[in-house]
Amino acid sequence: MDPIVIAAAFTLGLLVSRIGLPPMIGFLGCGFLLHAVGFEPSIAMQEVADLGVTLLLFTIGLKLNIKSLLKPEVWGTATLHMGITIGFFTIALILLAALKISLFATLNWSSAILLSFALSFSSTVFAVKVLEDKGEMQSLYGRVAIGILVMQDIFAVVYLTLSTGKIPSVWAVCLLGLPFIRPLMYRLLDRAGHGEMLILYGLMMALLLGAGLFELVGLKPDLGALIIGILLANHPKSGELAKSLFSFKELFLVAFFLNIGLQALPTWESVAIAALLCLVLIVKVIIYFGLLTKFRLRARTATLSSLSLANYSEFGLIVGAIGVSNGWLSPEWLVIIAIALSLSMAIASPLNLHAASLYRRYRANLHKYQRSALLKYDSNIELSGERCVIFGMGRIGTGVYDEMLDCYGNSILGVETDMDRVEEHRTHGRNVIQGDATDSDFWEKLSAEGIELVYLAMPSHHGNQFAAKQFQRMQFNGQVAAIVHFPDEAEELKALGVNSVFNLYEEAGAGFAEHVTAQLLENASLKPKESQ
């Protein structure tokens, strides 16, 4: 990209981030500003933007459990929400067209349905960014929101495939054989190491085997990247692979947001219509909330998931662009969708930043719509009778659990958000329950009486920090220990009353030396003494 564009994007991104909004809002504004001074998007910028979206979908696939898409609360909510939203928007647009109001007068039934379809999507890019920034990608509400978005992406890919008039090649059926080459993909990932070869492997899988192969047979490239990511999701190194591509994905997505702003220059009329569309976002949120509670999710889960989806989508722009190119929509509507997308993200950013506090404020009213019989994995959890509790049963939490068995025996409990991991621990005889430590309702139901020792071993500092605040609020009298990655994180947790912190980076060497010394002494004691 042009150095001036990079400098402008950095400046506006920094200014926006200083007032508590995601930098992406600054990038969108930068695109509008550059368009106003006559800057034209280059082919290279478009290619970089497309690459960012492709890598985004690939990394989503790496973290996605395909079984989550088969849950009724995911596919049912996504399908019903799209149908209800399209119906609502279509009727509203036709009524406005009948009143001959502004640009609405240009709409007929077919164009109104197309525009409603474009407005029914929520932004995958925005939701993933917000969840990653909050460290809640693996939270229950985060997984539900991402599952709904993936279903919407699948609907969008089907539309794009049909609307472009391109019939997939007969060779597309060969893609059904991709799961059979997964062992080879796994073997290559095992041998890719942990450095630049791992990054190159990820790019090759996303761009060549995924996007390139699907485009070759007439299917949407982004769908290919998503599917290849899903095929690699169960590999032990999938998380490491996603982290290795994180910086590339973030950088390329800057071009994506700039490109949205560069589509056209807003007019007062288009801004007014876009603002009207943003007011209607409350309808989308209410529909999401109503459906999720009907599918027996708790009010909190439904609220936070709905707020994560309270925006318009980049796929709406793509749908609108196809409609304009085919003469189904007037070009002004593409500008309106772009402005509505930008405004919706600006509105949704503070909403998601304060989502938990908003829920707590209106908890009593929201609970009126919660079903009495909840889904098993979203039911309230009460802890009692345990003396030692470990939050986060990954590798570190599992190691702590096994070490503390001698001290606490059956009085030790692990808490983990991932139900698959919970089941795995239970098969190994560990006492582990499913629970979300970032869930305020979880803490309201927690009785700390009898608990002597707590380990905060969650991978997210945000999660450990939130849990520490809850123990401080409860005036917990036991001992609390936590893991950190950086010295400033340690200071933050100690200020919240955490008694002991373990810096994984600084103390890894000491732990390694202690382990090796013990091993060498043990080996030495086992050696037969030399005869004199």
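Up top you'll find the structure we're talking about.
Numbers given for residues are sequential positions, taken from 1 along each chain in its written order. Local features in this predicted model are restricted to residues of pLDDT 70 or higher, and side-chain atom pairs are both shown and tallied only at a pLDDT of 80 or more, whereas totals for entire chains, interfaces and linings draw on every residue. Computation of side-chain values: all heavy atoms of the structure, hydrogens and water removed.

Participant: Would you mind showing me how to read helix α2 (residues 23-36) here?
Facilitator: One full turn of an α-helix is made of 3.6 residues, so residues set three or four places apart face in the same direction. Taking 1.5 Å per residue, 14 residues should reach 20 Å; α2 reaches 20 Å between its end C-alpha atoms and fits that length. Burial classes: relative accessible area under 20% of the type maximum marks a residue as buried, over 50% as exposed, and values in between as partly exposed (1.4 Å probe, protein chains only). Helix numbers and strand numbers start at the N terminus; a helix is a DSSP run of H or I with at least 4 residues, a strand a run of E with at least 2. When we look at burial in α2, the residues that qualify are Met24, Ile25, Gly26, Phe27, Leu28, Cys30, Gly31, Phe32 and Leu34. One or two residues past the end of α2 sits Gly38, with phi positive at roughly 95°. For a helix, the expected span equals 1.5 Å multiplied by the residue count minus one.

Participant: What's the story with unusual backbone geometry in this structure? I'm lost.
Facilitator: Leaving glycine out, the prevailing phi sign among residues is negative, and the prevailing peptide bond configuration is trans. For Ser102, which is not glycine, the phi dihedral falls at a positive 45°. Relative to the assigned elements, Ser102 resides in the loop between α5 (72-98) and α6 (109-119). Judged by relative accessible area, Ser102 falls into the partly exposed class, the value being 35%.

Participant: I keep staring at the pairing of strand β1 (residues 388-391) and nothing clicks. Help me out?
Facilitator: Each regular strand carries side chains that alternate between the two faces of the sheet. Residue alternation in β1 divides its side chains into two sets, Cys388 and Ile390 and Val389 and Phe391, and both sets are buried. Each pair of strands is called paired provided DSSP finds at least two bridges between the two strands. Across four bridges, β1 lies against strand β2 (residues 412-416) in parallel orientation. Note that in β2 the partner of Phe391 across the bridge is Val415. Crossover connection from β1 via helix α21 (residues 395-408) to parallel β2: handedness right-handed. Taken together, the four bridges between β1 and strand β4 (residues 453-456) define a ladder with parallel strand orientation. Across the sheet, Cys388 pairs through a bridge with Leu453, a residue of β4. A clockwise course of the path from the first strand over the helix to the second, judged with the strands pointing away from the viewer, identifies a crossover as right-handed.

Participant: Is there a simple way to explain the environment of Gly61 in this structure?
Facilitator: Within the element layout of this structure, Gly61 appears in helix α3 (residues 43-62). Sequence separation between Gly61 and Ala225 is 164 residues, and the spatial gap between their C-alpha atoms is 7.8 Å.

Participant: In this structure, what is going on with the packing of α5 against α6? I would like to understand it.
Facilitator: Relative orientation and spacing of two packed helices are given, respectively, by the angle between their axes and the distance between those axes. Helix axes are fitted only over the stretch in contact, all axes being lines through C-alpha atoms; the angle between N-to-C directions runs from 0 to 180 degrees. Where α5 contacts α6, the two axes come as close as 8 Å, and the packing angle between them is 135°. In this view, α5 runs oblique relative to α6, as classed from their interaxial angle. Of the two possible hands of crossing, α5 and α6 adopt the one that is right-handed. Residues Met82, Ile86, Phe89, Thr90, Leu93 and Ile94 of α5 touch α6, and the partners they reach there are Trp109, Ala112, Ile113, Leu115, Ser116, Phe117 and Leu119. Classifying every residue of the contact of α5 with α6 gives 11 nonpolar, two polar and no charged. For this classification, under 35 degrees means roughly parallel, over 145 means roughly antiparallel, 65 to 115 means roughly perpendicular, and everything else is oblique. Each crossing gets its handedness from the near helix: less than a right angle anticlockwise from the far helix is left-handed, clockwise is right-handed. Residues count as neighbours in contact if any of their non-hydrogen atoms are within 4.5 Å of one another. Residues are grouped as follows: nonpolar covers Ala, Val, Leu, Ile, Met, Phe, Trp, Tyr, Cys and Pro; charged covers Asp, Glu, Lys and Arg; every other residue, Gly included, is treated as polar.

Participant: Explanation requested: the pattern of salt bridges in the structure shown.
Facilitator: Close approach of charged atoms allows side chains with opposite charge to pair. Think of a salt bridge as a Lys or Arg side-chain nitrogen and an Asp or Glu carboxyl oxygen that are within 4 Å of each other. Counting across every chain of the model gives five salt bridges. Note that Arg387 and Glu452 form a salt bridge whose closest N and O atoms lie 3.2 Å from each other. Of this pair, Arg387 sits in the loop between α20 (363-366) and β1 while Glu452 sits in the loop between α23 (440-444) and β4, and the two are 65 residues apart along the sequence.

Participant: Can you help me understand the nonpolar core in this one?
Facilitator: Buried together is how nonpolar side chains tend to be arranged in soluble globular proteins. Among the buried residues, those of types Ala, Val, Leu, Ile, Met, Phe, Trp, Tyr and Cys that are joined through side-chain atoms within 4.5 Å form a nonpolar core. Grouped together as the largest cluster of nonpolar side chains are 100 residues, with contacts concentrated most on Phe257, Tyr312 and Trp333. The contact partners of Trp333, leaving out residues within four places of it in the chain, are Leu103, Phe104, Thr106, Leu107, Leu115 and Ile273. Residues Ala225, Ile228, Leu241 and Phe252 belong to the second largest nonpolar core, which totals 27 residues.

Participant: Which parts of the structure should I look at to understand the packing of aromatic side chains?
Facilitator: Given two aromatic rings, one states the distance between the centres and the angle between the planes to describe the pair. The aromatic pairing rule takes the rings of Phe, Tyr and Trp, using the six-membered ring of Trp, and pairs them if the centres are within 6.5 Å, calling planes under 30 degrees apart stacked, those over 60 edge-to-face and the rest tilted. Tallied over the full model, the rule gives seven aromatic pairs. On the basis of an interplanar angle of 70° and a centroid distance of 5.7 Å, the ring pair of Phe88 and Phe89 is categorised as edge-to-face. Classification of Phe88 by relative accessible area gives partly exposed; the value is 35%. Accessibility expressed as a relative area gives 3% for Phe89, which makes it buried. A centroid spacing of 6.3 Å and a plane angle of 85° characterise the contact between Phe289 and Tyr369, whose relative ring orientation is edge-to-face. With a gap of 80 residues between them, Phe289 in helix α15 (residues 281-294) and Tyr369 in the loop between α20 and β1 connect regions that are remote in the sequence. Here the aromatic cluster, defined as three or more aromatic residues joined through ring pairs, consists of Phe391, Phe471 and Phe476.

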